[in-house]
Amino acid sequence: MTPEDSTEKSTLPLLDWLLQKHPDTPRKRAKQWILAGRVSVNGVIIRQPNKTIPDPADGLELLGRNATALDCGRDGWPIHPRVAILHLDTALAVVNKGPGLLSVPADPDDLSALSILADFLSGKLRARDRDVAGRSLPPAYRQLEPLPVHRLDQYTSGVFCMAMNPAARQNLIDQLTAHTMKREYVAYVEGRPPRPTGTWRNWLKLGPDELRQFVVSEREAKRSQTEAVEAITHYEVIEEFPLAGSQQFVTKLRLRLETGRKHQIRAQAAHAGLPLVGDRTYHPKYRADAPKKPRLEFPRQALHAEALSLDHPDKPANDFGAGKPHTRMTWTAALPRDLRQLEGALRKERT
């Protein structure tokens, strides 16, 4: 084999790779599998049989019939000005939520990402993207009701998931409990961490009104009557922005949750001397009763849920029976406009 032959064979249409993996399958049936959304490469469903890709090796998977996902487009399916669907099937929904919107309703009449998705599925809400909306929603989806699994704070943007049936919900909650669901955030904090990477380990206790977390000592947390819980967050410095005319810095961090407590990142960052830009609860400069001091004007906490990784609750890794590992899937959400503008202003001030 010549080097040229090797190069030519290193990329092939998805259909050809699938037929190599399932040589006894008729070409027409394999093509139907791809068009139906039953073929994924590294956790991403591809519906183009002729799409040329490098050798996917073990990343090529044939999904079960019940695991077919709706095609939400490359950048998600906008169904509301502040909600885009990144993934939807009969077990799982993953959405990108804009700032200012509740994840799940606190009261039945509250507008939330969950209620918006429910309205869309029931036919009460039309998708905003006509190109994607032109593809009819399968009838089975009209019977689905999204169920809460975890949530983002109202003024935190980004990606989070909902279950579409009780069994899937329990599976996803079990992943949260076992810390196998991975959640990564981007935050802009005031100050500079002592090290480029590190871990925050604290005990958090909700105040009497349950609107604010307080960091307490381990000794106090382990008293029999306390309701404190341990919180663990791993951080990594992405970039530092010196503020002109001062010795102060704003730092862009990537944070990975090991636990998932209410206000975890916000409370731990403030305790570490790195309060989030714009945080009206944990940053002293932004509280309503704070004396007027120089501060970066930003309307919310500068926090964005950038990535979510989980084992799909209803997708075995192949078609050959139960007991197999579930498909690992990852979704990302780009920074929203307000955070891009904040970073642009910080970058301009640095120059």
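Quantities reported herein were computed from a predicted structural model and do not represent experimental measurements. (Residues numbered from 1 in each chain as written. Predicted model: local features only at pLDDT ≥ 70, side-chain atom pairs only at ≥ 80, totals over all residues. Heavy atoms only, no water.)

## Brief notes about the overall build of the protein chain
Line of reasoning, step 1. The number of helices and strands found in the protein chain is 9 helices and 17 strands.
Line of reasoning, step 2. Of all 351 residues assigned to the protein chain, the portion counted as buried reaches 46%.
Line of reasoning, step 3. Put simply, 62% of the contacts in the protein chain that link residues at least 6 apart link residues at least 24 apart. (Helix = DSSP H or I, 4+ residues; strand = E, 2+ residues; numbered from the N terminus. Buried < 20%, exposed > 50% of the residue type's maximum accessible area, 1.4 Å probe, protein only. Contact = heavy atoms within 4.5 Å.)

## Description of the packing of aromatic side chains
Line of reasoning, step 1. Within this structure, the stated rule accounts for 2 aromatic pairs.
Line of reasoning, step 2. For the ring pair Trp77 and Phe120, a centre distance of 5.2 Å and an interplane angle of 75° mean the geometry is edge-to-face. Of this pair, Trp77 sits in strand β6 (residues 77-80) while Phe120 sits in helix α4 (residues 113-122), placing them 43 residues apart in sequence. There is no split in this pair, since Trp77 and Phe120 are both buried.
Line of reasoning, step 3. Lying over the aromatic face of Phe249, Arg192 brings its terminal NZ or CZ to 4.0 Å of the ring centre. (Phe/Tyr/Trp six-rings, centres within 6.5 Å; stacked < 30°, edge-to-face > 60°. Lys NZ or Arg CZ within 6 Å of the ring centre and 35° of its normal.)

## Notes on α4
Count 3.6 residues to each turn of an α-helix, and residues three or four apart come out pointing the same way.
Line of reasoning, step 1. Among the 10 residues that make up α4, 7 are buried, leaving the element largely enclosed by the rest of the structure.
Line of reasoning, step 2. If you check which residues of α4 are buried, you get Ala113, Leu114, Ser115, Ile116, Leu117, Phe120 and Leu121.
Line of reasoning, step 3. Looking at the buried residues of α4, the elements they touch are β6, β7 (83-88), β8 (92-97), β9 (147-148) and β10 (157-163).
Line of reasoning, step 4. Gly123 sits one or two residues past α4 and shows a positive phi near 95°.

## Considerations on the pairing of strand β12 (residues 197-206)
Line of reasoning, step 1. In the sheet, β12 pairs with strand β14 (residues 229-242) via 8 bridges, with the strands oriented antiparallel. If you follow Arg201 over to β14, its bridge partner there is Ile232.
Line of reasoning, step 2. Sheet topology note: the β12/strand β13 (residues 213-216) ladder contains 4 bridges and is antiparallel. For Trp203, the partnering residue across the bridge sits in β13 and is Val216. (Pairing = 2+ DSSP bridges.)

## A word on the nonpolar core
Line of reasoning, step 1. Counting residues in hydrophobic clusters, the biggest one holds 56 residues, and the most contacted among them are Ile79, Leu88, Phe120, Leu121, Cys161 and Trp331.
Line of reasoning, step 2. The leading source of residues in this core is α4, at 6 residues.
Line of reasoning, step 3. In terms of nonpolar packing, the next biggest core, distinct from the first, is built from 15 residues, Ala30, Trp33, Val39 and Leu62 among them. (Core = buried A, V, L, I, M, F, W, Y, C linked by side-chain atoms within 4.5 Å.)

## Focus on the pattern of salt bridges
Line of reasoning, step 1. Applying the stated criterion to the full structure yields 13 salt bridges.
Line of reasoning, step 2. Where Asp279 meets Arg266, a salt bridge forms, and the shortest distance between an N and an O atom there is 2.9 Å. Here Arg266 lies in helix α8 (residues 264-271) and Asp279 lies in the loop between α8 and β16 (303-316), a separation of 13 residues in the sequence.
Line of reasoning, step 3. The class for Arg266 is buried, based on a relative accessible area of 5%.
Line of reasoning, step 4. Beyond isolated ion pairs, a larger network of salt bridges with shared partners links Glu239, Lys252, Glu343 and Arg347. (Salt bridge = Lys/Arg side-chain N within 4 Å of Asp/Glu carboxyl O.)

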